[in-house]
Number of protein chains: 2
Amino acid sequence: MVKIDVKECAALLKEFDNYLILTHRNPDGDTLGSAFALHRALSRLNKKSTVRCIDTIPPKYSYLWNGIHNDDIEYDKIIAVDVADRKLLGEAFDELYGDKVFLCIDHHLSNREYAQHLLLEDRAAAAVIIYEIICELGVEITPEIANCVYTGLATDTGCFMFSNTTPTVHRIAADVMDKGADYTFINRLMFETKTLSYLKLEQLAVSSIETHFDGECAIMTITQDMFKKSGSDESECDGIAGLPRKIEGVKIAVTIRERLDGSYKVSLRTVEPYDAAKICAHFGGGGHHAAAGCDFNCSIDEIKSSLLKAIKEELE
Amino acid sequence: MVKIDVKECAALLKEFDNYLILTHRNPDGDTLGSAFALHRALSRLNKKSTVRCIDTIPPKYSYLWNGIHNDDIEYDKIIAVDVADRKLLGEAFDELYGDKVFLCIDHHLSNREYAQHLLLEDRAAAAVIIYEIICELGVEITPEIANCVYTGLATDTGCFMFSNTTPTVHRIAADVMDKGADYTFINRLMFETKTLSYLKLEQLAVSSIETHFDGECAIMTITQDMFKKSGSDESECDGIAGLPRKIEGVKIAVTIRERLDGSYKVSLRTVEPYDAAKICAHFGGGGHHAAAGCDFNCSIDEIKSSLLKAIKEELE
């Protein structure tokens, strides 16, 4: 594994002509925005690439690949974008591609260094790094590239609200807005549009919230039953893990989400100085300092008691 | 009334030494951030000023005036910041000061031109204009001024989410962040901190939502009874009017809020091309294209039927 910087990465990208670009499973705005921005930039250099994700890409992101003919191509090299761990490619993709990733472009300090070349920077979004690569490549930021970069920036910073937002993020946002990013459309679609069924799910989720340790920890639980009752589904729940952290006084917020197969996805959100990634590492998970996740295959009560033990340690 | 620009405004401010700075009633982050930024900039020019608001300033804004000794002073001139109409000073202040406002700095195109000098620009926040005045005055942006400007920008743009957010807003945000704005603290306080009682109020409010005109209009009602049941109060409700606009397909969102005295405050939020200010003008209210308000003194049913008539016209 060779660590490289933005300049070296741009040079590397110029060497080959056909790329397979992989995103992480359960794709979000940053992995998709970064992948399609890179695809669009490469095609302006007359290079071919295909973006692939193991999961179906939610239709709300369709504006990102609008106009792209994403046919399978013969590829020379594989690029993984915003993928901290080869397991996050998804099981089948990990088997197919996991040991063949030529270049990984990532912003998670927990990156497992599985790729031959790693461009890792501690930035708010992978899209920040992609923007810098595109500038380094000398490719003009088209309105379509601007949309992709803006989407990555905005979604990974909670629309510039989270503590990971830096002056650089704002300046890149300003630049891609100048270059045609349709931020009104994107913000409305990503942050302001909720279905009535989702609002009902939130109601049910709020009523499940319990607090611990003098209100410093809040746990919210979302069951499959709540999805049924509200008419909502998993695809609408991207931001819901941020909800319990909003409660006054809460330092560590936990969202336990039941999957269709009965397993549980746990998301942690923390306030400085508490480390979400450290808590999740106890359970084989990972992520960032302020936002991390892990999986469980036991009952909700067992999950809670395991988590509360680790959280108590962290709070102390 | 003389219309002036930023340069002329800076020159005017240099002419006198003692100012009374007025904000609008029900003060928000922009009127307060702008007023205290101006106060702090003036004091760096060795000018005295006092910021006054007819209503008690919510304690969450205390960081804005931290360290300021806001004693009443003898003043030469009155400045109103972010006050589109002298009535918005509040009744007693309107009587005392309404016809004596020397300078009004505002970003509402609906401004009633009540001041002797008017600096009116169509910007996302009054704080954008204040920032430009401070730069024109040659005053250094201290971390305290940076906090005030950031607060105005962030609160009036829904943390850079609303369609009024421009590249300039992002660039000013980046600059004041570089100059020490504690954006993590401010964002968390303004946007991410909700009490459990407020979350419960949202639950009740969501259950009141009704839709009209094939889902293009949503009406949410918040009664005093809901405040009682949830344990929440008016001071927590700044952003709640944005909620019904989030529903997929909604073009015109209405929030009807019962006041303690039994009157009703109506807030409209619209999606392009629908004009919230135009609808509210039918009922003696006003505001911006995408966000406006008006008052009613009749029953909820009467309010709804009056509004629905005006909304139907606008939708057609």
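Residues numbered from 1 in each chain as written. Chains lettered and ligands numbered in written order. Predicted model: local features only at pLDDT ≥ 70, side-chain atom pairs only at ≥ 80, totals over all residues. Heavy atoms only, no water.

**Points about the pattern of salt bridges**
Now for step 1: Evaluated as defined, the whole model comprises 30 salt bridges over all chains.
Now for step 2: A salt bridge links Arg123(A) to Glu132(A); the shortest N-O distance between them is 3.1 Å.
Now for step 3: A salt bridge links Lys179(B) to Asp175(B); its shortest N-O distance comes to 3.0 Å.
Now for step 4: Among the residues examined, Lys179(B) registers a relative accessible area of 35% and is labelled partly exposed. (Salt bridge = Lys/Arg side-chain N within 4 Å of Asp/Glu carboxyl O. Buried < 20%, exposed > 50% of the residue type's maximum accessible area, 1.4 Å probe, protein only.)

**Here we look at the sheet that holds strand β5 (residues 101–106) of chain B**
All names here are of chain B.
Now for step 1: Taken in spatial order, the six strands line up as β1-β6-β5-β4-β2-β3 in an open sheet, and their pairing is parallel. The strands lining the two open edges of the sheet, one partner per strand, are β1 (2–3) and β3 (48–52).
Now for step 2: Bridge count between β5 and strand β6 (residues 117–120): four bridges; the pairing is parallel. The residue of β6 that forms the bridge with Cys104 is Leu118.
Now for step 3: In the packing of helix α5 (residues 126–137) onto the sheet, the strands contacted are β4 (77–81), β5 and β6, and the crossing angle to β5 comes to about 115°. (Pairing = 2+ DSSP bridges. Helix = DSSP H or I, 4+ residues; strand = E, 2+ residues; numbered from the N terminus. Contact = heavy atoms within 4.5 Å. Axes fitted to C-alpha atoms, helices over the stretch in contact; angles between N-to-C directions.)

**Re the side chain of Thr142(B)**
Residues and elements named next belong to chain B.
Now for step 1: Secondary-structure assignment places Thr142 in the loop between α5 and α6 (143–156).
Now for step 2: On the basis of relative accessibility, which here comes to 8%, the residue Thr142 falls in the buried class.
Now for step 3: In contact with Thr142, other than residues within four places in its own chain, are Arg44 and Lys179.

**Quick look at the domain arrangement of chain A**
All names here are of chain A.
Now for step 1: Annotation of chain A at the domain level lists domain 1 (2–191) and domain 2 (196–315).
Now for step 2: Contacts between the two partners involve seven residues from domain 1, matched on the other side by five residues from domain 2.
Now for step 3: For the pair domain 1 and domain 2, the summed buried surface comes to about 510 Å²; carbon and sulfur atoms form 38% of the total.
Now for step 4: Put simply, domain 1 and domain 2 have zero salt bridges between them.
Now for step 5: Counting every contact that joins domain 1 to domain 2 gives one residue pair in polar contact (both at pLDDT 80 or more). (Domains from an automatic or database assignment. Buried area = accessible area lost by both parts, 1.4 Å probe. Polar contact = N/O pair within 3.5 Å; in protein donor to acceptor, adjacent residues only side chain to side chain.)

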